[in-house]
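# Per-entry structural report
One-letter residues, chain by chain:
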Amino acid sequence: MMPDRRRRCAGGIPWAVLILVGFAQNEFAAEASPVGNLVPNGGFETEGEGWRPLGKAGDAEPGKQLLWAKDEAHAGARSIKLFLPEPAGTVGWTSPTFLCRGRVRCTVWLKTSRLHPLPTGWLVVRMIAFDEHGTRLKARPNPWSHDLAFVTEKDMSPQEDTDWTAYRTEIALDESVRRAQLEFCANKATGIAWLDDVEVA
């Protein structure tokens, strides 16, 4: 009988097997516990990457109302922008989905110019959560999203501009959450709003 010359560790298991097992475990850990900012292109420095108009194509007139902006930025050279010449239905941006679970800390930076939501209008940055099957999950207290920033008529003077302002919150996601998506949108409002440096970690 030929001797088995495969290299083995002290426990008698071939090194190749241990390496494959370790690689699989590391891959799983990387997906289960991502580190750093989870939001793709959260600083908006790569124009056109990831973030898209919210809703059906054409609904929001992306060439007019939704802009990759260079005129204002909290950090770096770019942000995204909502230009709202007249109050209308919901228009805005949506991020790609990303891995997200457990307790997360969220920061978004907003700047506005003459933003005026009507009494029933608003400006919001919100998180939508999904389970492992891609099913949208309810949240609390808002039944369909976690609000990272929420601006209404009582928060704004329509004749004033606001400088870059950080909105920070911490969210304990339901244990069934596996992925999330962000939306930056307005409803029944006029004015301009910029979003930059979005971080979920």
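A word on the pattern of salt bridges. The full count for this structure, using the stated rule, is five salt bridges. The salt bridge partner of Glu47 is Arg78, with a shortest N-O separation of 2.5 Å. Placement of the pair is Glu47 in the loop between helix H1 (15-32) and strand E1 (52-53) and Arg78 in the loop between strand E2 (66-69) and strand E3 (79-84), with a sequence separation of 31 residues. The class of Glu47 is partly exposed, set by a relative accessible area of 43%. Judged by relative accessible area, which is 17%, Arg78 ranks as buried. Between Arg126 and Glu183 there is a salt bridge, with its nearest N and O atoms 2.8 Å apart. Taken together, the positions of Arg126 in strand E6 (residues 103-130) and Glu183 in strand E9 (residues 179-200) put the pair 57 residues apart, joining distant regions of the chain. A relative accessible area of 8% means that Glu183 is categorised as buried.

The subject of this paragraph is the pairing of strand E4 (residues 91-94). Of the two faces of E4, the one holding Val91 and Trp93 and the one holding Gly92 and Thr94 are both buried throughout. Bridging between E1 and E4 involves two bridges; their strand directions are antiparallel. Within E4, the residue paired with Pro53 across the bridge is Trp93. Sheet topology places E4 next to E9; four bridges connect them, and they run antiparallel. Bridge assignment links Trp93 to a residue of E9, and that residue is Phe184.

Next up on the list: the environment of Arg136. Inspection of the secondary structure puts Arg136 in the loop between E6 and strand E7 (146-151). Taking the C-alpha atoms as reference points, Arg136 and Ala180, 44 residues apart in sequence, are found 9.0 Å from one another.

Reading the values: the criteria
Residue positions are given per chain, counting from 1 as you read along its sequence in written order. Local features are withheld for residues below a pLDDT of 70 in this predicted model, meaning they are given only at 70 or higher, and side-chain atom pairs are given and counted only at 80 or more; totals for whole chains, interfaces and linings count all residues. To obtain the side-chain values, all non-hydrogen atoms of the structure were included, while hydrogens and water were left out. By definition here, a salt bridge exists when the distance from a side-chain nitrogen of Lys or Arg to a carboxyl oxygen of Asp or Glu is within 4 Å. Strands are runs of DSSP state E lasting at least 2 residues, helices are runs of H or I lasting at least 4, and numbering of each runs from the N terminus. Think of it in three bands: residues with accessible area under 20% of the maximum for their type are buried, residues over 50% are exposed, and the middle band is partly exposed, with areas taken using a 1.4 Å probe on protein chains only. At least two DSSP bridges between two strands are required for those strands to pair.

This is a description of form; function is not addressed.
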